[in-house]
Amino acid sequence: MKILVPIKQVVTLDEDFEFTPDNRDVDHDFHIYDLNEWDDYSLEEALLIKESNDSPIEIIVCTVGNEYADESLRKCLAKGADRAIRVWSNELKNTDSIGIARIIAHIARREEPQLILTGVQSSDFAHSTTGVATAGILGWPYAAVVNRFEPDHDFTKASILRELEGGLEEAMNIDLPAVITIQVGINKPRYASLRGIKQAQSIPIEEATPDSLGMIDSEIGESGSASIIKKMFIPEKLSTAIIIEGTPAQQASKLAKIINDFKGV
Amino acid sequence: MALDPKYAPLFEPIKIGPKILRNRFYQVPHCIGAGSDRPGFQAAHRSLKAEGGWAGINTEYCSIHPESDDTHRLSARLWDDGDVHNLRAMTDHIHKYGSLAGVEMWYGSSHAPNMESRCTPRGPSQYNSEFENLTYCKEMDLDDITHVQQYYVEAALRARDAGFDIVYVYGAHSYLPLQFLSPYYNKRKDKYGGSLENRARFWIETLEKVGKAVGNDCAIATRFAIDTLYGPSSIEIEEDGLHFIELADPLVDLWDVNIGDIAEWGEDAGPSRFYRQGHQLPWTIHVKRIAKKPVLGVGRFTDPEKMMEIVRSGAADIIGAARPSIADPFLPNKILEGRVDDIRVCIGCNVCISRWEIGGPPMICTQNATAGEEYRRGWHPERFPKKTSDDSILIVGAGPSGSECARVLMERGYTVHLYDTSEKIGGHLNDIITLPGLGEWGYHRDYRESQLAKLIKKNKHSQLSLGQNPMTVENVLKYGADKIVIATGSSWNTDGNNGLTHDSIPGIDASNNWTLTPEQVFSGKKKIGKRVVILNADTYFMSPSIAEQLAKNGHEVTIVSGVHLANYMHFTLEYSNMRRRLHELHVQELNDVFASRAEEGHLEIFDTYGDGSTRIYAGPGKLPRRENDTHRSIEFDSLIVVTGRHSNDSLYRELKTQQGDWSANGIKGVYIIGDAEAPRLIADATFTGHRLAREIEETNPQFPLPYKREVAIYGAQRMQNFNPLIEYKF
Ligand SMILES: Cc1cc2nc3c(=O)[nH]c(=O)nc-3n(C[C@H](O)[C@H](O)[C@H](O)COP(=O)(O)O)c2cc1C
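Computed from a predicted model, the values in this text were never measured in an experiment.

Peer 1: Describe the domain arrangement of chain B, with residues and values.
Peer 2: By convention, interface size is frequently given as the accessible area that disappears when the constituent parts associate. Residues and elements named next belong to chain B. When cut into domains, chain B gives domain 1 (5-358), domain 2 (392-489 + 649-694) and domain 3 (492-646). Placing the centre of domain 2 and that of domain 3 at their C-alpha centroids yields a distance of 32 Å. With 12 residues of domain 2 at the contact, the number on the domain 3 side is 13 residues. Summed over both sides, the interface of domain 2 with domain 3 buries roughly 1100 Å², with 68% coming from carbon and sulfur. Among the residues domain 2 hides against domain 3, the three largest losses belong to L435, P436 and L681. Together they make up 43% of the total. Ionic pairing is found between R645 and D675, a salt bridge with its closest N-O pair at 3.0 Å. Applying the counting rule to domain 2 against domain 3 returns 2 residue pairs in polar contact (both at pLDDT 80 or more). Residues that form the side of domain 2 that touches domain 3 fall into these classes: 7 nonpolar, 2 polar and 3 charged.

Laid out in structure tokens, this is it:
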């Protein structure tokens, strides 16, 4: 049996960065890469399922990205994933999350996992769509923002808890195979050991392309996407800081006035 | 990154007499244990700060003549050409970076016991030093005054020859010029005593003479304790303080002002336990009202915002710093380069000072493990030798030593996994910083936390594994690391085992519900009763800190101490205010008293000197003194045992027993650092982690490499006409 764990290498930024000349992205020189925080939890959930199951389970991690993304795949392999697939070709450059979901769906058709575990969202774009779109394309059931996942022993059903607004939780059962988007806090992600890191260096990563997955042109890149990015920019700051001057007593009364104005007193 | 424009004023040059300071960062005089006899140490430590951006850098107090000999403590000396030669190394190296070198000319009077020179100190009136307590000075007559002033002149000329740009007449910390000024010391009836003008005369004349001697070759500075904090019986800022500034202002190029005296100089070098950054400002802020010359003040300034506030508000022109410059010799450059969050912030523990107080072993710093190691070990605080292998290293324990070891190894380019059961790095420091006044000690952890986060971004294979299960031997063996460092810390003894009897105490057992170790106090799980007895055999901060905390929370606290309570806090200058605090909180103390057994509610205690004073040999099995008959009992609801610590070294010892399995698992070495090796000061624990990281590729890095020693060489000629032969005068 297989569990597919799609992951994303997200971008974090330092204080200073620049945009690309077309203003549609941050200049890649300023990208700092990291594994999406949510994916740490979906991978951990897969590892926990594997460890608590008697029958053998293969955990496959996959991602869409150029060779920079190998680092995040290797991080997953170091923690115990069995196999890694990286899908890339230059046509994939402006693929949105729907386009990514199409790729994952193709991998799923090929691998036939019993379960797909994704993160609820990615920390850089925060669309929260990849997982549920994958389910839609596959025609599978799905559950989003899951903070407890308990499959039954023959893996045909699972009982889950979903996190709702306002501290509420929802309990439900779901038929498998299904796509589950995992919320942070569901478990405590492990760290890789040095042995794991060293071993992961020698596990080959499968390099797939849309072609090799049997995708047709209308599914690939911008054609397969539902949106394109027009522009990225830093919004103008609306509020401004004020420096309160004067003697301590004057400062205190000015501050009190600001607070009272704010409260509408 | 670049200088934040709001801090630009801190980098504006300023003229002091004939010299120019290139910015506003100034290392005030402070001891390091180098003096004139360890010139390499002196030159390296001070010039490193020039490299780090300090515009002015001083010696420690520097004796002008054998008559001011501080032996059992360590000052610099400018007594002869040999000292000139040695201190020249410091000034030359400082000048390479465009900074100015200053020397603090010092005459101590009674406060200097002259134990080496055996000269007689001279003072304004005869007094017994309140600091030294068995040293009287001779009251100076008018010839003596001229004579001692001539010492200053001759020393100033030697200072000039040694290449110093700034010469001080040092009148802070109750040394000679201040003794003339203060009626607390000066009881004279002649023209050097009585009115302020008379009391100021010695200092004024000395400044004139020194100024005339060095002319335009050197700037003249004076260090002045503008308020000795005794009230009207001595110097008060808005009385004699400002009047003296007015009188002497024309004669000085730079005012270096502070507060306090020598016997309690922790009022100047205020420990963070009692004083925050800028604590001297309520006094020093007045100086600029009168002084026309540049003014500098101190107060553990580490924060550029605070420094700007001082310069902008006109409280001072220049930021003086001793401890912040020790914790981070590159503080100015880090501000200049826009790396404020890389500053290693002084935690105000005063362990640097403890070494001077103890008598002058090389200075150490809790934050900066390279302090004092610049010359002898060749350690630069900001630059590290690149790694020499691809070994990966597992460090078990992220306390002070483990986190420092990880930081330095990562700086060197090694892949490091730092592993801890706690959710935060810092180890036992995370508990200590919850004690009254010790919050700022947390900067030690914070610095490492932020540096590790940055270093891990640079090497994705490095890892901080927190909140983990305790490592077993099996985990360690199978972890896949080439080298293992065990930094598992120490714990307080649960059975009363202590350094006096080297044994446990019957009945003491922290697994019962009425006995607590400090860790159990921190964890808050056991109820602490109204009447608390702290059984103490530790000489640092733990017992008084817990006493303070519990007394504040309404407990009735008695400390039973078999050792001098908090003796080490004399050396960190925390002792007197700690005493005042315990007194205010009505903490009771039984000193030279220890415990022989405990049961619920009762502690059997005895006077440690309750046995016989005479000694006889009475044969085997018999004590040589009359048996102690002072045993009695005191009552408690909770007993807190601060009797001693032991290393948490079981993981290390088990790994050693499985040495045969190391190589099969790819392990090249297992090392132990910090408290896990032996309980010690946080500064020393940090040092052991730092050292191991620097020497990890040595054949046996568990044991330190030798360091460069600066020692006198028999037969070597220290100065012209020096005859090294043994020659008796018959
Ligand atoms: C280790 C150490 C040694 C010191 N030795 C001297 C000294 O020799 N002469 C002196 O005038 N002040 C000495 N001081 C006091 C400092 O110059 C300074 O006034 C005090 O530490 C307050 O400044 P800070 O808060 O920046 O540390 C010493 C301070 C330290 C930390």
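Further notes follow.
Peer 1: Summarise the sheet that holds strand β14 (residues 392-396) of chain B; cite the residues concerned and give the values.
Peer 2: Spatially, the 5 strands line up as an open sheet ordered β16-β15-β14-β17-β28 (chain B), and their pairing is parallel. The sheet is open, and its two edges are formed by β16 (463-465) and β28 (669-672) of chain B, each paired on a single side. The sheet shows a mean angle of 15° between the axes of neighbouring strands, taken without regard to direction. Strand direction decides the pairing type here: strand β17 (residues 483-486) of chain B and β28(B), joined by 4 bridges, are parallel. Pairing of I486(B) across the sheet is with I672(B), part of β28(B). Each of β14, β15 (415-419) and β16 of chain B is contacted by helix α5 (residues 194-201) of chain A, which is oriented at about 155° to β14(B), the strand it contacts most.

Peer 1: Can you tell me about the interface of chain A and chain B, naming the residues and giving the values?
Peer 2: Taken together, the contact pairs 13 residues of chain A with 23 residues of chain B. Of the roughly 1400 Å² buried between chain A and chain B on both sides combined, carbon and sulfur atoms contribute 49%. Looking only at chain A, the three residues that lose the most surface to chain B are Y191(A), L194(A) and R195(A), adding up to 46% of its buried area. In this structure, K198(A) and D482(B) form a salt bridge, with 3.4 Å as the shortest nitrogen-oxygen distance. Seen at the junction of chain A and chain B, the total is 14 residue pairs in polar contact (both at pLDDT 80 or more). If you tally residues by element for the side of chain A that touches chain B, the top one is α5(A), at 5 residues.

Peer 1: So what's going on with the packing of helix α1 (residues 37-51) of chain A against helix α2 (residues 70-79) of chain A? Which residues, and what values?
Peer 2: Residue and element names in this part refer to chain A. Following both chains from N to C, one finds α1 and α2 inclined at 30°, their axes separated by 11 Å at the closest point. Considering their axes alone, α1 and α2 lie roughly parallel with respect to each other. As for how α1 packs across α2, the hand of that crossing is right-handed. Residues D40, L43 and L47 of α1 lie in contact with α2, whose contacting residues are K75, C76 and K79. For the contact of α1 with α2, the class distribution of residues is 3 nonpolar, no polar and 3 charged.

Peer 1: Talk me through the pairing of strand β6 (residues 100-106) of chain B; I want residue IDs and the actual numbers.
Peer 2: Residues and elements named next belong to chain B. Taken across its 7 residues, β6 has 7 buried, putting it largely inside the fold. Side chains L100, G102, E104 and W106 of β6 all project onto a buried face; the interleaved residues A101, V103 and M105 project onto the opposite face, where all are buried too. Of the pairings in the sheet, the one linking β6 to strand β9 (residues 166-171) comprises 4 bridges and is parallel in character. Considered in β9, the bridge of V103 is made with V167.

Peer 1: Could you give an account of α5(A), with specific residues and numbers?
Peer 2: Among the residues of α5(A), L194(A), G196(A), I197(A) and A200(A) are the ones counted as buried. Projected down its long axis, α5(A) carries its buried residues within an arc of 160°, all on one side. On the buried face of α5(A), the contacting elements are α2 of chain A together with β14, β15 and β16 of chain B.

Peer 1: Kindly report on the pairing of strand β4 (residues 58-64) of chain A, identifying the contributing residues and their values.
Peer 2: All names here are of chain A. Taken across its 7 residues, β4 has 5 buried, putting it largely inside the fold. Here strand β1 (residues 2-6) runs beside β4; their pairing, made up of 5 bridges, is parallel. Note on β4: the bridge partner recorded for P6 is C62. In the sheet, β4 pairs with strand β5 (residues 83-87) via 5 bridges, with the strands oriented parallel. Across the sheet, T63 pairs through a bridge with R86, a residue of β5. The parallel pair β4 and β5 is bridged by α2, and the resulting crossover is right-handed.

Peer 1: How would you explain the pattern of salt bridges if you had to name every residue and give the values?
Peer 2: Going through the model one piece at a time under the given rule, you end up with 75 salt bridges over all chains. D341(B) serves as the salt-bridge partner of K454(B), at 3.5 Å between the closest nitrogen and oxygen. You can see K454(B) sitting in helix α15 (residues 443-458) and its partner D341(B) sitting in the loop between α11 (331-336) and α12 (351-358), a full 113 residues away along the chain. Classification of D341(B) as exposed rests on a relative accessible area of 51%. If you follow the salt bridges from partner to partner, you end up with K2(A), E58(A), R83(A), R110(A), E111(A) and E206(A) in one network.

Reading guide: rules and limits
Residues numbered from 1 in each chain as written. Chains lettered and ligands numbered in written order. Predicted model: local features only at pLDDT ≥ 70, side-chain atom pairs only at ≥ 80, totals over all residues. Heavy atoms only, no water. Domains from an automatic or database assignment. Contact = heavy atoms within 4.5 Å. Buried area = accessible area lost by both parts, 1.4 Å probe. Salt bridge = Lys/Arg side-chain N within 4 Å of Asp/Glu carboxyl O. Polar contact = N/O pair within 3.5 Å; in protein donor to acceptor, adjacent residues only side chain to side chain. Nonpolar A, V, L, I, M, F, W, Y, C, P; charged D, E, K, R; others polar. Pairing = 2+ DSSP bridges. Helix = DSSP H or I, 4+ residues; strand = E, 2+ residues; numbered from the N terminus. Axes fitted to C-alpha atoms, helices over the stretch in contact; angles between N-to-C directions. Parallel < 35°, antiparallel > 145°, perpendicular 65-115°, else oblique. Left-handed = near helix turned anticlockwise from the far one by under 90°. Buried < 20%, exposed > 50% of the residue type's maximum accessible area, 1.4 Å probe, protein only. Arc of directions from axis to C-beta. Right-handed = clockwise from strand over helix to strand, strands pointing away.

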